[in-house]
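Understanding the architecture of this molecule
The chain contents come next:
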Protein chains: 2
Amino acid sequence: MYKSMMHSPELLKGTLQTILLKVLKDHGRMYGYEITLRVKELSGERILLTEGALYPTLHKLEAEGMLKTEVITIGKRVRKYYSLTSDGRSLVKARVNELIAFIKTMGNVLQVELN
Amino acid sequence: MYKSMMHSPELLKGTLQTILLKVLKDHGRMYGYEITLRVKELSGERILLTEGALYPTLHKLEAEGMLKTEVITIGKRVRKYYSLTSDGRSLVKARVNELIAFIKTMGNVLQVELN
DNA sequence: ACTTATACATAAGTGAATTATGCATAAGAC
DNA sequence: GTCTTATGCATAATTCACTTATGTATAAGT
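Residues numbered from 1 in each chain as written. Chains lettered and ligands numbered in written order. Predicted model: local features only at pLDDT ≥ 70, side-chain atom pairs only at ≥ 80, totals over all residues. Heavy atoms only, no water.

For chain A, the count of helices and strands is five helices and five strands. Taken across its 115 residues, chain A has 47% of its residues classed as buried. Pairs at least 24 apart in sequence give 49% of the contacts found in chain A among residues at least 6 apart. Carbon and sulfur atoms provide 49% of the accessible area of chain A, an area that totals close to 6,000 Å². (Helix = DSSP H or I, 4+ residues; strand = E, 2+ residues; numbered from the N terminus. Buried < 20%, exposed > 50% of the residue type's maximum accessible area, 1.4 Å probe, protein only. Contact = heavy atoms within 4.5 Å. Areas by Shrake-Rupley, 256 points an atom, 1.4 Å probe, with all protein chains shown as cover.)

Shown next, in the form of structure tokens:
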């Protein structure tokens with residue numbers, strides 16, 4: 001999932017779908033490579049998505065009806081744009097809330113302040 | 001790792017060592033079953049550790065010199081108490097800081113407030 | 001010309017977890 | 001007094017999201 005990172009790869013497990021969905025919600029229609037660049041930027045170079053995790057996850061979300069695609073040809077190059085479906089928009093909210101709840105629970109268990 | 005939980009099991013991946021180490025730091029000498037109860041309480045029943053994840057992880061941390069053990073017999077029952085070594089105390093700090101950094105990065109990527 | 005960036009895709013392997021199983025004593029319910 | 005639940009440890013088999021590796025191809029920079 002992560003080529004290299006400041007963060008332990010284990011910690012990031014389970015967050016990929018949430019990241020993809022939320023970034024697509026915030027930035028609208030995007031293609032895979034563009035998503036990796038955006039996440040890299042937003043994370044301060046700390047999260048570098050690998051294609052091996054990215055593309056299968058996008059395909060899976062599409063197969064589940066959470067994302068829809070549109071293929072664009074630029075010269076001879078192909079780009080596959082992804083955007084949220086209405087089911088996808090519901091899923092983003094659920095996933096983000098779930099992650100926030102998880103983080104709060106971790107704060108309680110570890111007795112740390114998170115701000 | 002988790003028998004059942006409010007939180008998606010995927011999210012919890014990679015947090016088990018951090019949880020065990022921090023709970024041992026905060027509460028001192030504890031045995032396995034006691035740790036599951038404490039974590040259950042601290043998490044508001046949201047994190048229910050399974051033995052299948054708990055014991056192998058404790059054994060691994062002990063093998064790495066992060067924990068030391070003491071076996072106590074109560075009647076005919078055996079308890080194995082774990083406590084941090086000095087290496088273990090260093091590790092807790094590193095792990096907790098790592099998790100806090102990770103959470104902050106997630107906050108940036110997902111554009112959410114965490115408090 | 002050579003290297004890096006852009007852009008997609010999939011197969012093989014890893015490793016931390018889940019699930020299942022096993023053993024055994026103590027306490028509580030009824 | 002037996003049956004269920006709680007206490008307490010341990011390990012083997014399996015799962016699955018990821019990493020790593022590989023493949024293909026065009027465009028841009030040096």
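Residue and element names in this part refer to chain B. If you trace the three strands from one edge of the open sheet to the other, you get β2-β5-β4, paired in antiparallel fashion. Whereas interior strands pair on both sides, the edge strands pair on one side only; in this sheet they are β2 (30-31) and β4 (67-74). Pairing of β4 with strand β5 (residues 77-84) involves eight bridges; the strand directions are antiparallel. When the sheet's bridge partners are listed, valine 71 is paired in β5 with lysine 80. Of the strands in this sheet, β4 and β5 are in contact with helix α4 (residues 51-63), which crosses β5 at around 50°. (Pairing = 2+ DSSP bridges. Axes fitted to C-alpha atoms, helices over the stretch in contact; angles between N-to-C directions.)

Think of a pair of aromatic rings as described by two things: how far the centres are apart, and how the planes are tilted against each other in angle. The full count for this structure, using the stated rule, is two aromatic pairs over all chains. When the centroid spacing of 5.2 Å and the interplanar angle of 75° are considered together, the rings of tyrosine 31 of chain B and tyrosine 81 of chain B count as edge-to-face. Separated by 50 residues along the polypeptide, tyrosine 31 of chain B in strand β2 and tyrosine 81 of chain B in strand β5 bring together distant segments of the chain. Exposure class is identical for tyrosine 31 of chain B and tyrosine 81 of chain B. Each is buried. Positioned above the aromatic ring of tyrosine 81 of chain A is the side chain of arginine 29 of chain A, whose terminal nitrogen or guanidinium carbon lies 4.0 Å from the ring centre. (Phe/Tyr/Trp six-rings, centres within 6.5 Å; stacked < 30°, edge-to-face > 60°. Lys NZ or Arg CZ within 6 Å of the ring centre and 35° of its normal.)

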